[in-house]
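Below, each chain spelled out in residue letters.
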Amino acid sequence: MHILKALGPAVARVSTIEALRAGGGALVGLALTGLFLLSPYIDADQGLFLIAPFGATSVLLFAIPNSPLAQPWSAIVGNTIAAVIGIAVCLTLPDPVLRVALAVSLAITATILCRAVHPPAGAVAMTAALSPDIARELGFWFALAPVAVGTTALVVLAALYARITGRRYPFRQFDDPSKHGTDDRNPTERLGLSEDELTEILERYSQSFNLGVEDLARLIGAAELQAAAQSSGPLTAEDIMSRGLVTVSPDTPLGAVADLFRQHRFTSLPVVAPDKGFLGVIFQMHLINQARADALRLERGYGAALRRLLDRDREKPVTAGDIMSVAGPRATTHTPIGALLPMMAEGDVDAVPVIAYGKIVGIVTRTDLIAALARRAARGGG
């Protein structure tokens, strides 16, 4: 049974959407690279617009873009070095078996020494070693085009595709600023461990090729957060939520919304329909951003045309429904606080509405969450 289990999938289950995202990226990347970027450089008769190793490169770039093996340096430098080695070996040795073995072996050694390990580079070296005609006709230009040009094109397209589809590529760096634009790291990544210490952990367990320092920090932070959530006990959103709600309708003018923020010193206000159905949340930042946009527009006086536009705006003033957030996280009365912690840990939201049958019955703010954890810690300490 253990043997059969060991032969099963080692990769965690992935959503269908993510699988389609990765496959679609490879389709776009390879199609654009072959049709528009490589064709001007290669003789059509040789059929070298795309080489087989580009398929393996696409798997890394589009399916697992966080892998250290998929980063631009690894992909471009790794494939190019392997191509140079493969051509050199092909021009030197007559025996095809020996050419392949030596080319792949040297490519592995060179890419490791250059910190450019990229698995498809082995296939690039093999392709060059098995192609004496190409070696004679193109020589080391083969390393430039199609290899270097094609790999660079795939990397650029992968970066664009990742941005469009909400992923991050190239790889995060450990010293990247936080999402707030400051030098502080994101809350879940403040581990008290330096980059050198995290690197030493990866090297100790021989994981440097599988995981980057930044992702290790994120995983450790997520594990600590989950452990803290489990130690907090079976508390749910219903146990800690604020029930005395102050709400606004979608037609409430922003002036009235601002007055409520000042009066109650809230950081968020739920927006509800006439039947009390939950519609969204307004955070203080939404109000500040709207005020900033209005002030900027007024400072850029554009004459009569702008005045007419402002007159129309006065007839239809901006309301709560225009600036509320409808896509934020939500909870039910049975949501454990362990699930609430990640929702507010990164600073995206200041409060999570608690919904029952489509209507808001409470709201959990950061203050509620911190107070609940503090009470639990005090009881544990006593």
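Notes on the structure in this doc start here.

What counts and what doesn't
Residues numbered from 1 in each chain as written. Predicted model: local features only at pLDDT ≥ 70, side-chain atom pairs only at ≥ 80, totals over all residues. Heavy atoms only, no water. Helix = DSSP H or I, 4+ residues; strand = E, 2+ residues; numbered from the N terminus. Buried < 20%, exposed > 50% of the residue type's maximum accessible area, 1.4 Å probe, protein only. Contact = heavy atoms within 4.5 Å. Areas by Shrake-Rupley, 256 points an atom, 1.4 Å probe, with all protein chains shown as cover. Phe/Tyr/Trp six-rings, centres within 6.5 Å; stacked < 30°, edge-to-face > 60°. Core = buried A, V, L, I, M, F, W, Y, C linked by side-chain atoms within 4.5 Å. Salt bridge = Lys/Arg side-chain N within 4 Å of Asp/Glu carboxyl O. Patch = residues over 30% accessible without salt bridge, like charges linked within 9 Å, V, L, I, M, F, W, Y side chains within 5 Å. Pairing = 2+ DSSP bridges.

Some remarks on the overall build of the protein
Argument step 1. Within the protein one finds 17 helices and 4 strands.
Argument step 2. Counting over 382 residues, the protein shows a buried share of 39%.
Argument step 3. A separation threshold of at least 6 residues defines the contact pool for the protein, and within that pool the share at least 24 residues apart is 67%.
Argument step 4. By element, 61% of the accessible surface of the protein is carried by carbon and sulfur atoms, the whole surface being about 21,700 Å².

Brief notes about the packing of aromatic side chains
Two descriptors summarise a pair of aromatic rings, namely the distance from one centre to the other and the angle between the planes of the rings.
Argument step 1. Under the defined criterion, the tally for this structure stands at 1 aromatic pair.
Argument step 2. The interplanar angle of 75° and the centroid separation of 5.9 Å between the aromatic rings of Phe 62 and Tyr 161 together place this pair among those described as edge-to-face. Pair noted here: Phe 62 is in helix α3 (residues 53-63) and Tyr 161 is in helix α8 (residues 141-164), with a separation of 99 residues, a long-range link. Take Phe 62 and Tyr 161: they sit in the same class, and that class is buried.

What about the nonpolar core?
Generally speaking, nonpolar side chains in soluble globular proteins are found buried as a group.
Argument step 1. One finds Leu 61, Phe 62, Ala 82, Ala 83, Phe 142, Val 147 and Tyr 169 to be the most contacted residues of the largest nonpolar core, which totals 38 residues.
Argument step 2. Not counting the four nearest positions on each side in its chain, Phe 142 is found in contact with Ile 51, Ala 83, Ile 87, Ala 128, Ile 134 and Val 147.
Argument step 3. With 23 residues, the next largest nonpolar core counts Ala 237, Val 272, Phe 283 and Leu 369 among its residues.

Observations concerning the pattern of salt bridges
Argument step 1. What the rule picks out here adds up to 4 salt bridges.
Argument step 2. The salt bridge involving Arg 21 is made with Glu 18; its shortest N-O contact spans 3.1 Å. Here Arg 21 pairs with Glu 18, and both are found in helix α2 (residues 16-38), just 3 residues apart, close to one helical turn. In this pair, the class of Arg 21 matches that of Glu 18, namely buried.
Argument step 3. With a closest N to O distance of 2.5 Å, Glu 18 and Arg 167 form a salt bridge. With a gap of 149 residues between them, Glu 18 in helix α2 and Arg 167 in the loop between α8 and α9 (195-204) connect regions that are remote in the sequence.

Quick look at a nonpolar patch on the surface
Argument step 1. A cluster of nonpolar side chains, contributed by Leu 27, Val 28, Leu 32, Leu 35 and Phe 36, occupies part of the molecular surface with about 510 Å² of accessible area.
Argument step 2. Mapped onto the fold, Leu 35 is located in helix α2.
Argument step 3. For Leu 35, a relative accessible area of 59% gives the class exposed.

A word on the pairing of strand β4 (residues 359-365)
Argument step 1. When you tally the buried positions in β4, you get 5 out of 7 residues, the bulk of the element.
Argument step 2. Both strand β3 (residues 351-356) and β4 contribute to a ladder of 6 bridges, which runs antiparallel. Within β4, the residue paired with Val 354 across the bridge is Gly 362.
Argument step 3. Between β3 and β4, which pair antiparallel and follow one another directly, the connecting turn spans 2 residues, one of which, Tyr 357, has a positive phi of 55°.

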